[in-house]
Structures are given as C-alpha cells and as structure tokens.
Amino acid sequence: MKLHHVEFFVQDVEQYASDLEHAYGFQRIAHGEGGLRPGGRSAVLQRGSAVLLVTQGLEEEHPASAFVRRHGDGVGDLALGVADAGGAYRAAVHSGARGVEEPRTLADGTVIASIRAFGDVIHTFVQPAQDGTWTLPGFTIDEARREAAIAVDTGDVLEIDHFAVCLEAGTLDSTVDFYREAVGFKEIFEEEIIVGAQGMISKVVQSPSGAVTLTLIEPDVAREPGQIDRFLKDHDGSGIQHIAFRVDDAVLAVSQARDNGVVFLSTPAAYYRLMRERLELSAHTVDELERNSILVDEDHDGQLFQIFTRSTHDRRTLFFEVIERVGATTFGSGNIKALYEAVEAEKTNGQVGA
C-alpha cells in the first residue's frame, strides 16, 4: 500500500491549482476533463513523489460540491494505491468500514473503490491500470512536466511526510481501531500534549510500508478548549488540519517558498534564545533557523526541523508544514511546549502583550 494521491475538493479548481503551482512549486502534470467521478473538473499536480488531485464539483450531487458547502475547500480523499482494490474494499467492509463506493473499473482499466475514513474524508483504493504509471481516464499526462516534477533538488518536496487529523472528542480510540482492523495500519506513537491549561491526545497510525502516516489528535475535554476545538468548530467536524511536506533542506525550501509569496508563522525571539540552552544542532545554525522562523525538535533518533504556513483558507482550517528529518521519527510535539515557554518569556520581558 502506498499513497496514490491526495484529492482536494475545492470551489474553483483553476484558482486552487494555480496557487499550488505558483506558491509551492507544484507542476501541473495532466490536463483535460476527467477524474475519479463524473460531474467534476480536476487538475493533477506533482512535486517530488507528492501527487495532488484538485477537483471542483460541477453538479450539486458531486462529492466535492457537498464537501465544499459544509467545510469549504479542503482534503476530501486520501487515495491509497493497492494491488487489488476490490479485495481491499471487501476486507475493509468485512472488518467494519463503511462502504462509500463499491469496486468499479474506469475506462482505462483502473479499478477504484471507496470507504469512509473520518468525518467526510474518504479513502479511495486505486488499482492502477499500468504499474508505475499515474493515469486517470480523461487526462493526458504531460511527461516532460511530470519528469520535471520528479527531478527534485535539495530544496524540493521529497514526499508527503504525514497528515495531521483533528478528531471529535471521544473518537480517537475508535478511529485508531478502524485503521488497525479495517485498513491494516499499525499504531506507532502515542502521547498527551499539555500546554498551559489546554491539552490534546495524539496517536499516530502508519501503513505497514511506512508510506502513509496519520497523526490523529483529539482535544482533552478535561482541560480548557484550544486549537483542536477551534478547528472542529470552524471546520464543522473532524478533518485534515495540515499536510506535512518532507524536504532535504528546510532552510532552502522555506526561503524559496517565501520568494514565491508563501507566508509562514513567525516565532518569538525567545524561542531561539532558549534553543541555544536546550539543543545542540545537527544541521543548520541558530541564526539560519531564526531568520526563517524554523522550529527544531529532538527525539532519541535525531532532530527534525519544521515550520507551518499561515492558513489562507477562508475558515483558517487548513495549512501546510515543511519538515526536514535528520534521523528524527516523531512529529515535533516538543515544539508546542517550547513555543509556549517562549511566548511566556516574551511576555515576562514585556515584548508581547498579555
């Protein structure tokens, strides 16, 4: 099993695809009408191994139309490439998954089938018509642009590292059970993150191949409401909060993205003062990280460098992450605590208003 593509359901496919091209350096590798379901218009974009399908519903009953009406633009489908889409679907439904679309064969021989994942997000099992070739009916692949998208340099996206999923309170354990029993994932990490009076509980599930990773998060209802609660309210239910793109060089990647107009979240200066006391960097310098507002965390396997974009979503419910791993296998939860401490230090020094 691998990640075949990520499908965004959007109100304006041309505008969304154009933003991904100009701001994030994705290549539009396919043109033409088509997609997985009739009644929509789609564009296919790629950078490194990350393939994004952007779909606009042209009819009221199209899944993209319904999704946008409830949630605004967002991720509606994490499509999983499998050897046998029908078999994967039947096994998932037998293990308790809710079927959305029974197996069917598309015009080019691709077989698809879909199940409900969480909220209004689905997983489509995709059995490609040709091994190693990205195809969908109605699309013409521009091989030159596809080759350019794959030929990455050190500042480019290598792959999708993980997805961060916000879940309704009380549904974390059942969602983990769903991934273990119906999709064959394994749980690889668990922690409770407490920041001041707020808290959240996180469990990470991953496909056996390691190619698909989801960080599942629910709010701790025993504590004060926080960012997860805000997402659930503004998004109207569970959904994908952000996508993390893994790169070889976070400093270079962030610099390039800024040149393209991407706005990242800023980090208080106190974070970097405290960093000098808590970490010895395995890559980059503190000055490079501070100039670019890049965060760093450490686990028993190494370090990771990460930064989050400022959301341009009309509800502020979707954004992206750039992440560079230097051995680290976790997801930067130490940065949440470090940022909180940095903000408190800035307040103490009178540099941030209460």
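Structural data are supplied above this passage.
Residues numbered from 1 in each chain as written. Predicted model: local features only at pLDDT ≥ 70, side-chain atom pairs only at ≥ 80, totals over all residues. Heavy atoms only, no water.

**Student:** It is not clear to me how the packing of aromatic side chains should be interpreted in this structure. Could you clarify?
**Tutor:** For any two aromatic rings, the description comes down to two numbers: the centre-to-centre distance and the angle of the planes. According to the stated counting rule, one finds 10 aromatic pairs in the structure shown. Ring geometry for Tyr179 versus Phe185: centroids 5.3 Å apart, planes at 40°, classification tilted. We classify Phe185 as buried; its relative accessible area is 3%. Taken together, the ring pairs connect Tyr24, Phe26, Phe245 and Phe320 into an aromatic cluster. Note that Arg325 overlies the ring of Phe331, its terminal NZ or CZ placed 5.2 Å from the centroid. (Phe/Tyr/Trp six-rings, centres within 6.5 Å; stacked < 30°, edge-to-face > 60°. Buried < 20%, exposed > 50% of the residue type's maximum accessible area, 1.4 Å probe, protein only. Lys NZ or Arg CZ within 6 Å of the ring centre and 35° of its normal.)

**Student:** Help me out: how do you make sense of the side chain of Glu7 in this one?
**Tutor:** Considering the arrangement of structural elements, one finds Glu7 in strand β1 (residues 2-10). If we ignore the near neighbours within four places in the chain, the residues touching Glu7 are Leu36, Arg37, Leu53, Thr55, Gly74, Val75, Gly76 and Asp77. (Helix = DSSP H or I, 4+ residues; strand = E, 2+ residues; numbered from the N terminus. Contact = heavy atoms within 4.5 Å.)

**Student:** Quick question: what am I supposed to make of the sheet that holds strand β3 (residues 40-47) here?
**Tutor:** In sheet architecture, strand pairing relies on hydrogen bonds along the backbone and comes in two forms, parallel and antiparallel. If you trace the nine strands from one edge of the open sheet to the other, you get β6-β7-β8-β5-β1-β4-β3-β2-β9, paired in mixed fashion. The sheet is open, and its two edges are formed by β6 (99-105) and β9 (140-141), each paired on a single side. Bridging between strand β2 (residues 27-31) and β9 involves two bridges; their strand directions are antiparallel. Its bridge partner lying in β9, Ala30 is registered against Ile141. Packed on one face of the sheet, helix α1 (residues 13-24) meets β1, β2, β3 and β4 (50-57) and runs near 10° to β3. (Pairing = 2+ DSSP bridges. Axes fitted to C-alpha atoms, helices over the stretch in contact; angles between N-to-C directions.)

**Student:** Would you take a moment to explain the environment of Gly138 for this structure?
**Tutor:** Within the secondary structure, Gly138 sits in the loop between β8 (121-127) and β9. Under the relative-accessibility criterion, Gly138 is labelled partly exposed at 49%. In this structure, the C-alpha to C-alpha distance between Gly138 and Val100, residues 38 residues apart in sequence, is 23 Å.

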